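Single-letter residue listing:
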Amino acid sequence: MRRGAVFQLLIFAAVVGVITTVTALYPNWLPPQASEQADRIEYVFWYVTAICAAIFSIVGAVLIYSIIKFRAAPGDDSDGPPIHGHTGLEIAWTAVPFLLVTSMGIFSAVVLARNDRTGDNPLKVDVTAQQFAWSFKYPQQKNLATTVLRLPVNRTVRFHLQALDVIHSFWVPEFSQKQDAVPGIDTYLTVTPNKTGVFPIICTELCGLGHATMRSTVIVMTEKAWSKWVKAASAATAGGGGANAGKAVFDQNGCGGCHTFKPASATGKVGPDLDNLAQDAQKAGKPLEDFVHESIVDPNAYIEKGYPANVMPPTFKSLPKEQLDALVQYLISGSGGAK
Ligand code: CUA
């Protein structure tokens, strides 16, 4: 190959390389990183991206050069000259990709293995997914339950995920970690938050009509603030009773994700408005308390006009009796009482 051709190829490669690099680096493609695992995943991501950008530059340069240099003249229908293989070139384009892909595989395997390490004393959190809500329990904190996840910064968390009905997927973009919650299977996920802040929890598995509303929040706080919250929340739960207990059941089961209910400041639109329970009970021809109880444990017994059947999950019939009773009383009190 003549010196001029090599020079041209290098120019084209440089141009394609610069455009590719600027496109890769300039917009913020990735969410801000807020976990140790996310930082490691980012290394792999940029390592692979850099290799891809380099290969793309070489291929782009050869392509542009060939289009310009070997363009057939108008009306030239003759065959091109026959070309024999080039042993050196073939060895190179087999060996180099082999080494690159193998290095990506090893790098990824190391990161995956390290990202799964929990250390001696991980904070355990049980995650329960159901249509269409997340709920969390801290088994080491006397099963403290919550619907807004709170975590201490810089401590490794071992999530244990379970689903009550269909497949859901637990995802906090800033943590870069994602794991399915599958009925009948226990799945696990390790995250070490390394920045304080408020981040979204998103369901990323299409799980039904309310899938898009199946969201919660994780608040990463200092160790001190987190311990204080655990104490306060545990005390509130232990002393709970009456209306508070009902509201806690409402919140923990994510009722507000689908229903509007003013006393709980809930604004869900998937299911009927729970501020109208008294009128709905009348339409169903049943006493209010029986109607509310039945609608929770057997949602298809009476379907409010304008709403499809089989949307409300049948899983709430497994609520413990005292929780169910508290919930019924809470809903009745909120609907302005029996009329
Ligand atoms: Cu749960 Cu989508």
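Conventions and cut-offs
Residues numbered from 1 in each chain as written. Predicted model: local features only at pLDDT ≥ 70, side-chain atom pairs only at ≥ 80, totals over all residues. Heavy atoms only, no water. Axes fitted to C-alpha atoms, helices over the stretch in contact; angles between N-to-C directions. Helix = DSSP H or I, 4+ residues; strand = E, 2+ residues; numbered from the N terminus. Parallel < 35°, antiparallel > 145°, perpendicular 65-115°, else oblique. Contact = heavy atoms within 4.5 Å. Nonpolar A, V, L, I, M, F, W, Y, C, P; charged D, E, K, R; others polar. 1 Å grid on protein atoms, 1.4 Å probe; cavity = no way out; pocket = protein on both sides within 12 Å on 5 of 7 lines; lining within 4 Å. Points joined across faces, edges and corners; volume = space filled by probe spheres on them. Domains from an automatic or database assignment. Core = buried A, V, L, I, M, F, W, Y, C linked by side-chain atoms within 4.5 Å. Buried < 20%, exposed > 50% of the residue type's maximum accessible area, 1.4 Å probe, protein only. Patch = residues over 30% accessible without salt bridge, like charges linked within 9 Å, V, L, I, M, F, W, Y side chains within 5 Å. Areas by Shrake-Rupley, 256 points an atom, 1.4 Å probe, with all protein chains shown as cover. Salt bridge = Lys/Arg side-chain N within 4 Å of Asp/Glu carboxyl O. Pairing = 2+ DSSP bridges.

(A) Molecular detail of the packing of helix α2 (residues 36-69) against helix α3 (residues 87-115). Taken N-terminus to C-terminus, the directions of α2 and α3 make an angle of 170°; their axes are 9 Å apart at the nearest point. The angle between α2 and α3 falls in the class roughly antiparallel. Seen from α2, the contacting residues are Gln37, Arg40, Ile41, Tyr43, Val44, Tyr47, Val48, Ile51 and Ile55; seen from α3, they are Leu100, Ser103, Met104, Phe107, Ser108, Val111, Arg114 and Asn115. Grouping the amino acids of the contact of α2 with α3 by side-chain chemistry returns eleven nonpolar, four polar and two charged.

(B) Spatial organisation of the layout of surface pockets. In this structure, the largest pocket spans a volume of roughly 1200 Å³. Taken together, 40 residues line the largest pocket, and the ones lying closest to its centre are Ala145, Ala248, Val249, Gln252 and Gln323. Only β1 (123-130), β2 (133-138), β3 (144-146), α4 (223-238), α5 (242-252) and α8 (321-334) provide two or more residues apiece to the lining of the largest pocket. Top element by residues in the lining of the largest pocket is α5. It accounts for seven residues. For the lining of the largest pocket, the class distribution of residues is 16 nonpolar, 17 polar and seven charged. Both of domain 2 (123-223) and domain 3 (238-334) provide at least three residues apiece to the lining of the largest pocket. Quantified by volume, the second largest pocket comes out at close to 290 Å³. If you trace the second largest pocket, you find 19 residues lining it, with Thr147, Arg215, Asp251, Gly254 and Gly257 closest to the centre. If you list the elements that add at least two residues to the lining of the second largest pocket, you get β2, β10 (215-221) and α5. Looking at the lining of the second largest pocket, the element that brings in the most residues is β10, giving three residues. The residue makeup of the lining of the second largest pocket, split by class, is nine nonpolar, eight polar and two charged.

(C) Main features of the nonpolar core. Formed by 38 residues in total, the largest nonpolar core has its most connected members in Val125, Leu149, Phe159 and Phe170. Those residues within four positions of Leu149 in sequence are excluded, and the remaining contacts are Val125, Phe136, Tyr138, Phe159, Phe170, Ile201, Thr217, Val218 and Ile219. Ala264, Leu288, Phe291 and Leu331 belong to the second largest nonpolar core, which has 21 residues in total.

(D) Seen up close, a nonpolar patch on the surface. Judged by side-chain polarity, Phe7, Ile11, Val15 and Ile19 come together as a nonpolar surface patch covering roughly 400 Å² of accessible area. As for its placement among the helices and strands, Ile11 is situated in helix α1 (residues 3-25). Given a relative accessible area of 41%, Ile11 falls into the partly exposed group.

(E) Expanded view of the sheet that holds β10. What the five strands build is an open sheet, ordered β4-β10-β9-β6-β7; its pairing is mixed. Where the open sheet ends on each side, the last strands, each with one partner, are β4 (149-152) and β7 (177-181). Along the sheet, successive strands turn relative to each other by an average axial angle of 25°, direction set aside. Here β4 pairs with β10 via four bridges, running parallel. Residue Leu149 lies in a different strand from β10, and its bridge partner there is Val218.

(F) Main features of the pattern of salt bridges. Counted by the stated rule, this structure contains five salt bridges. A salt bridge links Asp280 to Lys283, with the nearest nitrogen and oxygen atoms 3.7 Å apart. Here Asp280 pairs with Lys283, and both are found in helix α6 (residues 277-284), just three residues apart, close to one helical turn. Judged by its relative accessible area of 55%, Lys283 falls in the exposed class.

(G) Highlighting the environment of Ile51. Assignment of secondary structure puts Ile51 in helix α2. Take Ile51: its relative accessible area is 11%, and that puts it in the buried class. For the pair Ile51 and Ile67, spaced 16 residues apart in sequence, the C-alpha separation works out to 24 Å. With sequence-adjacent residues up to four places away left out, Ile51 is seen in contact with Leu100 and Met104.

(H) Fine view of unusual backbone geometry. Here the amide bond leading from Gln131 into Phe132 is cis, since omega sits at -5°, within 30 degrees of zero. Counting through the fold element by element, Phe132 comes out in the loop between β1 and β2. Phi is positive for Lys142, which is not a glycine, with a value near 55°. One can find Lys142 in the loop between β2 and β3. For Lys142, a relative accessible area of 81% gives the class exposed. Phi at Ser265 takes a positive value of approximately 55°, unusual for a residue other than glycine.

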